[in-house]
Amino acid sequence: MTNRLVIFITLSLITTVGLLKSLTVLGGDQSLFVVIAQLLDAGKILYKDLFDYKQPGIFMFYLVAGKMIGWSDIEIHLFELGYWLLFSVILIYSLKDYHFFRANYFHALLPLFIVGVYYCNATFFHLTQLEALINFPLFLIVWLLDRVYKTEQHVFITYLAIGFLIGIVILSKLVFAPIIFSFLVIHFIFTIKYKSFIHIIKKQLPPMIVGFMLPLSVFIGYIVHYQIEHLVVDIFLRYRPASLDSPIKLIPAGCIRRFRGSGKEWLCWRYLPPLAY
């Protein structure tokens, strides 16, 4: 069986399941995201005319989906299907050099066990949710970090792209910051071990910081332009912690007390930072 045929079969199966799932209605959260995205398209100001605790990334996803395809439930799901098909193609391309399997065409089947499993198990509550969508940029960050470390090709552009993707993830949900931090710590440890700390300072951090600042500067520019600095600070750092069921405002103390109080509940990092939703 040729590799191209397996790729075609894999993408066809994902497309079929995705099309069937596209007939599903949007859940409550997703419907709210569509409404907010439509209002943003109409000129409303996020966090001023529209109130929500979430970071702007998910609203931008729905805004792009609505502008490119349409605002109906089916059209939003079709945009998500295209998103996952792109992820599947990149997954096949990026993992073929790792030789996980003896038979090369097995790599083309991997999206079935990732995207295919997601579609088979997702209900209308799960489809088009940020917690699933964010895995695409997270995977790209890990893959690019590993690729640039091993090949040392296009170092500036690669770290620029990594920084940009980190900015996208942070602007989508801040709770993923510890995950990205762990990726970078592991990457820097191997860099120091086999290269030098100076290599990090000169070659890795500058383009990464520039890439990170690109999406962040757009968001900051939006905040400054509409003069909503105090609103954003209050929503992200004051009102949101107060809405959590813990009366503890100091994060370490809150984590310790919750961990002691119920070890079977969410791990304490679930409450870091106070922008978990």
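Everything numeric in this text was worked out from a predicted model, so none of it was measured.

About the cut-offs
Once a new chain begins, its residue numbering starts again from 1 and follows that chain's sequence as written. Only residues with pLDDT of 70 or above have their local features reported here, since the model is predicted, and side-chain atom pairs are shown and tallied only from 80 upward, although totals for entire chains, interfaces and linings are computed over all residues. Side-chain figures throughout are based on the complete set of non-hydrogen atoms in the structure, without hydrogens or water. A 1.4 Å probe that fits but cannot get out identifies a cavity on a 1 Å grid over protein atoms alone, an open set with protein on both sides within 12 Å along at least five of seven lines counts as a pocket, and a residue lines either if it has an atom within 4 Å of a point. Grid points are joined across faces, edges and corners, and a volume is the space filled by probe spheres set on the points. Every helix listed is a DSSP run of H or I at least four residues long, and every strand listed is a run of E at least two residues long, numbered separately from the N terminus. Only Asp, Glu, Lys and Arg are considered charged, only Ala, Val, Leu, Ile, Met, Phe, Trp, Tyr, Cys and Pro nonpolar, and every remaining residue, Gly among them, polar. Residue-level confidence of the predictor is summarised by pLDDT, bounded by 0 at the bottom and 100 at the top. By definition, residues are in contact when any of their heavy atoms lie within 4.5 Å. For patch detection, residues must exceed 30% relative accessible area and be free of salt bridges, and they are connected within 9 Å for like charges or within 5 Å for nonpolar side chains (Val, Leu, Ile, Met, Phe, Trp, Tyr). For the area figures, the Shrake-Rupley method with a 1.4 Å probe applies, and any residue is considered shielded solely by the protein chains shown. Put simply, a salt bridge is a Lys or Arg side-chain nitrogen that is within 4 Å of an Asp or Glu carboxyl oxygen. Relative accessible area decides the class of each residue, using a 1.4 Å probe on protein chains only: under 20% of the type maximum gives buried, over 50% gives exposed, and in between gives partly exposed. Between N-to-C directions, angles cover 0 to 180 degrees, with each direction set by a line fitted to C-alpha atoms, over the stretch in contact for helices. An angle counts as roughly parallel when it lies under 35 degrees, as roughly antiparallel when it exceeds 145, as roughly perpendicular when it falls between 65 and 115, and as oblique in every other case. Here a Phe, Tyr or Trp ring, Trp counted by its six-membered ring, pairs with any other such ring whose centre lies within 6.5 Å, and the pair is stacked when the planes are under 30 degrees apart, edge-to-face when over 60, and tilted otherwise.

### What to know about the layout of surface pockets
Computed from the structure, the largest pocket encloses a volume of approximately 730 Å³. Together, 30 residues line the largest pocket, and Pro56, Gly57, Met60, Phe61 and Ile168 are the ones closest to its centre. Mapped onto the lining of the largest pocket, the elements with two or more residues apiece are α2 (28–41), α3 (57–68), α4 (73–95), α6 (130–133), α7 (135–151), α8 (155–170) and α10 (197–225). Here the residues of the lining of the largest pocket sort into 25 nonpolar, three polar and two charged.

### So, the confidence of the model for the protein chain
Low pLDDT means the predicted atomic positions in that stretch should not be read closely. Averaged over the protein chain, the pLDDT score is 84; the fraction of residues at 70 or greater is 85%. Within the model, pLDDT remains below 50 along residues 241–277, and this stretch shows 38 contacts once partners closer than five positions in the same chain are excluded.

### What to know about a nonpolar patch on the surface
On the surface, a nonpolar cluster with roughly 630 Å² of combined accessible area is contributed by Leu19, Leu23, Val64, Met68, Ile69, Ile74 and Leu78. Where the nonpolar patch is concerned, the elements lending two or more residues are α3 and α4. Looking at the secondary structure, you find Val64 in helix α3. For Val64, a relative accessible area of 38% translates into the label partly exposed.

### Things to note about the pattern of salt bridges
When their charged atoms lie close together, side chains carrying opposite charge are able to pair. Scanning the entire structure with this criterion turns up five salt bridges. The residue Asp41 makes a salt bridge to Lys67 at a minimum N-O spacing of 3.1 Å. Placement of the pair is Asp41 in helix α2 and Lys67 in helix α3, with a sequence separation of 26 residues. By relative accessible area, which is 55% here, Lys67 ends up exposed. Ionic pairing is found between Lys54 and Asp52, a salt bridge with its closest N-O pair at 3.9 Å. With a relative accessible area of 9%, Asp52 lands in the buried category.

### Things to note about the packing of α3 against α4
At a minimum axis distance of 9 Å, the contact between α3 and α4 shows a crossing angle of 105 degrees. By the angle class used here, α3 and α4 are roughly perpendicular. On the side of α3, the interface is formed by Phe61, Tyr62, Val64, Ala65, Gly66 and Met68, while α4 contributes Ile76, Phe79 and Tyr83. Counted by class, the contact of α3 with α4 contains eight nonpolar, one polar and no charged residues.

### Focus: the side chain of Thr158
Looking at where Thr158 falls in the secondary structure, it is placed in helix α8. We classify Thr158 as buried; its relative accessible area is 12%. Not counting the four nearest positions on each side in its chain, Thr158 is found in contact with Leu144, Val148 and Gln153.

### So, the packing of aromatic side chains
Here the structure, examined in full by the defined rule, presents 19 aromatic pairs. Ring geometry for Tyr47 and Phe219: centres 6.5 Å apart, planes at 75 degrees, overall edge-to-face. Of the two residues, Tyr47 sits in the loop between α2 and α3 while Phe219 sits in helix α10, which places them 172 residues apart along the sequence. Of the residues examined, Tyr47 reaches a relative accessible area of 2% and is grouped as buried. Among the aromatic side chains, those forming a connected cluster through ring pairs are Phe33, Phe59, Phe61, Tyr62, Phe79, Tyr83, Trp84, Phe87, Tyr118, Tyr119, Phe136 and Phe139.

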